[in-house]
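The residues making up each chain are set out below.
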Amino acid sequence: MSEVVSSADFQSKVLDAQGPVLVDFFATWCGPCRMLAPTLDEVAAEMAGKATVCKVDIDQSPDIASRYGVMSVPTLMVFEGGQVKKQMVGAQPKQNVLALLA
């Protein structure tokens, strides 16, 4: 299951994390975001111990979305060592999400 991360814990959960962190920038009102959610839960289960999957609600944490230039949701970003390594926009099939983490 993906954990929702807020502005208060983004630094510790994402930027300071060991290993890759896939962050899903989403909104509760976004249809494609809701379609992507079960896929991300599957990816989180498959990648347990290798990568972390987190979610950022852009309405609850607009400062984070703004800092990383999120213009549309869903936006997926892979962070490693506190830096964005890869990025993808839009609802994606599972194999694309896994490839983003590869």
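My aim in this report is to walk through the structure given alongside it, one point at a time.

Rules used in this analysis
- Residues numbered from 1 in each chain as written.
- Predicted model: local features only at pLDDT ≥ 70, side-chain atom pairs only at ≥ 80, totals over all residues.
- Heavy atoms only, no water.
- Phe/Tyr/Trp six-rings, centres within 6.5 Å; stacked < 30°, edge-to-face > 60°.
- Helix = DSSP H or I, 4+ residues; strand = E, 2+ residues; numbered from the N terminus.
- Buried < 20%, exposed > 50% of the residue type's maximum accessible area, 1.4 Å probe, protein only.
- Lys NZ or Arg CZ within 6 Å of the ring centre and 35° of its normal.
- Arc of directions from axis to C-beta.
- Contact = heavy atoms within 4.5 Å.
- Expected span 1.5 Å × (residues − 1).
- Bend = angle between axes of the 7 residues up to and from the residue.

1. A few points about the packing of aromatic side chains
Reasoning step 1: Under the criterion given, the structure shown has three aromatic pairs.
Reasoning step 2: Pairing F10 with Y68 gives two aromatic rings, centres 5.8 Å apart and planes at 45°, and the pair type is tilted. You can see F10 sitting in helix α1 (residues 10–15) and its partner Y68 sitting in the loop between α3 (62–67) and β4 (75–80), a full 58 residues away along the chain. With respect to burial, F10 and Y68 carry one shared label: buried.
Reasoning step 3: Relative to F79, the ring of Y68 lies with its centre 5.1 Å away and its plane at 90°, an arrangement referred to as edge-to-face. Taken together, the residues span a long stretch of sequence, with Y68 in the loop between α3 and β4 and F79 in strand β4 at a distance of 11 residues.
Reasoning step 4: Every member of this aromatic cluster is reached through a ring pair, and the members are F10, Y68 and F79.
Reasoning step 5: If you follow K55 out to its NZ or CZ, it ends over the ring of F26, 4.6 Å from the centre.

2. A look at helix α4 (residues 94–101)
Reasoning step 1: Turning to α4, its buried residues number three or more, namely V97, L100 and L101. The buried residues of α4 occupy one face: seen down the axis, they fall within an arc of 100°.
Reasoning step 2: Tucked inside the fold, the buried residues of α4 contact β2 (21–26), α2 (31–46), β4 and β5 (83–89).

3. Digging into α2
Reasoning step 1: Between its first and last C-alpha, α2 extends 24 Å over 16 residues, near the 22 Å set by a 1.5 Å rise per residue.
Reasoning step 2: Taking the largest bend as the criterion, α2 deviates by roughly 30°, centred on A37, and proline P38 comes between one and four positions later.
Reasoning step 3: The complete set of buried residues in α2 reads C33, L36, T39, L40, V43 and A44.
Reasoning step 4: Turning to α2, the residues buried within the fold contact β2, β3 (52–57), β4 and α4.

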